[in-house]
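What the coordinates show
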Amino acid sequence: MMRKNRKRALCMVCALAICVGGGIMGVKHFSNPQEPVVLETVSDTLTAAGAPSEDEKNANLKLDVKAAVLIDADTGKVIFQQNAHKELPPASVTKVMTMLLAMEAIEDGKVKLTDQVTISERAASMGGSQMYMEVGETHTLEELLQGIAIVSANDGCVATAEYIAGSEEVFVEKMNKRAQELGMRDTHFVNTNGLPVTDHYTSAYDIAVMSRLLLKHKETQKWFNTWQTTIKVGLPGKEKDFGLTNTNKLIKQYPGANGIKTGFTQEAGYCLSASAERDGTTLIAVVLGAKTSPIRNAEVAKLLNYGFANYASVTLAEEGQRVKKITVDKGEPYILHAVTGEKATAFVKKGQEKEISYKANIPKNLKLPLKKGDKIGTLDIYCGDEKLGSCDLVADRNIDKASFFTYYIRKIKNLF
């Protein structure tokens, strides 16, 4: 009986080989369409009609500011809001978006931190907070971003925008386009630095959205966490040291503070997008329209204290960590691993950490070919029976379509 099975199998192989050679049947015939993957993300929106969630009710906070929001930096979960979608002037907190576009341009390879940027007359003419650069002097893009992050340099913003987009006007168009892509519905930018101008506004929630993305660019941390440093400014032969002192006093005053951006104008009041990290949990607190700088800092500290006292972030898998081994019958090679496309975390109330679990959700029939980094499913995260969200699972290697002959040899081997 065994000999008959083997003989029948060999005959099948020969017949299939003849079919392939004669072009009767192609590989495409055997490819099944990929099953749809339902994407679910951790909620980063406020409750309908602005109604407070249970978490927000329990916070029992009333802040002496025009608007505020507190979110988890990893998941985007909102745990407190006060007029979070109110359209308000943001002053220099505008520069979060300016820096975000610059960092994304660097990430995309369009510019480099070491690029030399020549200061234009327009950039040098900016008032308010600045680095006092002169027309014609040059600085690296990194020096400009450092000045924006530490001393809120208006001249640095314009110089950066002109270098990346060719003009500040074009750069502002990119700022508004990026805001739309991120779902920042309460935002409209008119300039790169937040100097007072008509029709320039955003909201506490929208600031939290772009601040969260900016924090993902780790290079910014060294600037946000620098308290004091110096930089050379001036034309060749006339350079002098210019001191930079961080406008964000919380860097020294609040344990774990690591960003992000202050702002003040008479119209906007005192504003701040602040981040802090403790025990693996990073929170972002945004306040707009405080009456004084001490009030601004105190209310941000109050938000952060509430968040750290009541919530915790649980890391389930680091970025690139293997989650599941997959056999791809029609692939070459036919084994791959699903790895996390980003760090997988859960953000829960303290005491719920042991209730966290996750499950890999991967279609049975993957569409081939696959490239390393292609999305192949999701890692669904739960707290008890409640689904908290998910993160992408990606392929850890390239997978091509196996030849017709290779595929059926595998099938035959599985018979024995």
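**Structural notes on the overall build of the chain**
Assigned secondary structure in the chain consists of 12 helices and 18 strands. Looking at the chain as a whole, 49% of its 416 residues are labelled buried. For the chain, the proportion of contacts with a sequence separation of at least 24, taken over those separated by at least 6, is 64%. Per element, the accessible surface of the chain, about 20600 Å² overall, is 50% carbon and sulfur.

**With respect to the packing of aromatic side chains**
Scanning the model with the defined rule gives four aromatic pairs in all. Ring centres of Phe264 and Tyr270 lie 4.2 Å apart, and the angle between their planes is 25°; on these two criteria the pair is classed as stacked. According to the relative accessible area criterion, Tyr270 is partly exposed, its value standing at 22%. Ring geometry for Tyr311 and Phe347: centres 5.3 Å apart, planes at 10°, overall stacked. With Tyr311 in strand E10 (residues 311-317) and Phe347 in strand E14 (residues 344-349), this residue pair connects regions lying 36 residues apart in the sequence. Here Tyr311 matches Phe347 in class, with each residue buried. Members of the aromatic cluster, connected to one another through ring pairs, are Tyr306, Tyr311 and Phe347.

**Considering the sheet that holds strand E13 (residues 335-340)**
Backbone-to-backbone hydrogen bonds pair the strands of a sheet. The strands run either parallel or antiparallel. Ordered in space as E11-E13-E17-E16-E15, the five strands form an open sheet in which the pairing is antiparallel. Two strands bound the open sheet, and with one partner strand each, they are strand E11 (322-327) and strand E15 (356-361). Adjacent strand axes in the sheet meet at a mean angle of 30°, parallel and antiparallel pairs treated alike. Sheet topology note: the E13/strand E17 (residues 386-395) ladder contains three bridges and is antiparallel. From the neighbouring strand, Ala338 faces E17, where its bridge partner is Ala395.

**Considerations on the pattern of salt bridges**
Counted according to the given criterion, the structure contains 12 salt bridges. Between Arg178 and Glu104 there is a salt bridge; the shortest N-O distance is 2.9 Å. Here Arg178, found in helix H7 (residues 168-181), pairs with Glu104, found in helix H3 (residues 95-107); they are 74 residues apart in sequence, far enough to count as distant. Across this residue pair, the class does not change: Arg178 and Glu104 are buried.

**Points about H3**
Residues three or four positions apart in an α-helix share a direction because the helix packs 3.6 residues into each turn. With 13 residues, H3 extends 18 Å between its outermost C-alpha atoms, agreeing within 8% with the 18 Å of an ideal straight helix rising 1.5 Å per residue. Along H3, 12 of the 13 residues are buried, which leaves the element largely enclosed by surrounding structure. Restricting attention to buried positions, one finds in H3 the residues Lys95, Val96, Met97, Thr98, Met99, Leu100, Leu101, Ala102, Met103, Glu104, Ala105 and Ile106. Of the surrounding elements, those touching the buried residues of H3 are helix H5 (141-151), helix H6 (154-165), H7, helix H8 (204-215), helix H9 (221-224) and strand E7 (257-265). Looking one or two residues past H3, Gly109 carries a phi angle of roughly 80°, positive in sign.

**So, the packing of H3 against H8**
Packing of H3 against H8 brings their axes to within 9 Å, and their N-to-C directions diverge by 40°. Our pair here, H3 against H8, has a crossing hand that is left-handed. Mapping the contact onto sequence places Val96, Met97, Met99, Leu100 and Met103 in H3 and Met210, Ser211, Leu213 and Leu214 in H8. Its residues assigned to classes, the contact of H3 with H8 shows eight nonpolar, one polar and no charged.

**Things to note about unusual backbone geometry**
The omega torsion across Gly259 and Ile260 is 10°, close enough to zero to call that bond cis. Inspection of the secondary structure assignment puts Ile260 in strand E7. For the bond from Leu368 to Pro369, the omega torsion is 0°, close enough to zero to count as cis. Locating Pro369 in the fold gives a position in the loop between E15 and strand E16 (375-383). The phi dihedral of Asn83 is positive, around 50°, even though this residue is not glycine. With relative accessibility at 42%, the residue Asn83 sits in the partly exposed group. The phi angle at Tyr132 is positive, at roughly 55°, despite the residue not being glycine. Along the chain, Tyr132 turns up in the loop between helix H4 (121-124) and strand E4 (138-140).

**Comments concerning the sheet that holds strand E2 (residues 78-82)**
Pairing is antiparallel in the open sheet, where five strands are placed in the order E2-E1-E9-E8-E7. For this open sheet the edge positions go to E2 and E7, each flanked by a neighbour on one side alone. Mean inter-strand twist for the sheet, computed between neighbouring axes without regard to direction, equals 5°. Of the pairings in the sheet, the one linking strand E1 (residues 67-72) to strand E9 (residues 281-290) comprises six bridges and is antiparallel in character. Directly across from Ala68, in E9, lies its bridge partner Val287. Across the sheet, helix H11 (residues 293-310) is in contact with E1, E2, E7, strand E8 (269-278) and E9; its angle to E9 comes to roughly 150°.

**Observations concerning the pairing of E13**
Counting buried positions over the six residues of E13 gives five, a clear majority of the element. As paired strands, E11 and E13 are joined by five bridges and run antiparallel to one another. Residue pairing in the sheet places Lys325 in a bridge with His337 of E13.

**Focus: the confidence of the model for the chain**
Summary statistics for the chain give a mean pLDDT of 87 and a share of 84% for residues scoring 70 or more. Predicted confidence for residues 1-52 stays below pLDDT 50, and this span has 71 contacts to residues more than four positions away or in other chains.

**What about the nonpolar core?**
Counting residues in each nonpolar core, the largest one holds 64 residues, and the members touching the most others are Val69, Met97, Met99, Leu145, Phe189, Met210 and Leu214. Here this core gets nine residues from one element, more than from any other, and that element is H3. Once residues lying within four places of it in the same chain are set aside, the contact partners of Leu145 are Met99, Ala102, Met103, Ile106, Leu113, Thr160 and Trp223. Grouped together as the second largest cluster of nonpolar side chains are 25 residues, Leu63, Val287, Ala290 and Phe308 included.

How each quantity is defined
Residues numbered from 1 in each chain as written. Predicted model: local features only at pLDDT ≥ 70, side-chain atom pairs only at ≥ 80, totals over all residues. Heavy atoms only, no water. Helix = DSSP H or I, 4+ residues; strand = E, 2+ residues; numbered from the N terminus. Buried < 20%, exposed > 50% of the residue type's maximum accessible area, 1.4 Å probe, protein only. Contact = heavy atoms within 4.5 Å. Areas by Shrake-Rupley, 256 points an atom, 1.4 Å probe, with all protein chains shown as cover. Phe/Tyr/Trp six-rings, centres within 6.5 Å; stacked < 30°, edge-to-face > 60°. Pairing = 2+ DSSP bridges. Axes fitted to C-alpha atoms, helices over the stretch in contact; angles between N-to-C directions. Salt bridge = Lys/Arg side-chain N within 4 Å of Asp/Glu carboxyl O. Expected span 1.5 Å × (residues − 1). Left-handed = near helix turned anticlockwise from the far one by under 90°. Nonpolar A, V, L, I, M, F, W, Y, C, P; charged D, E, K, R; others polar. pLDDT = per-residue confidence, 0-100. Core = buried A, V, L, I, M, F, W, Y, C linked by side-chain atoms within 4.5 Å.

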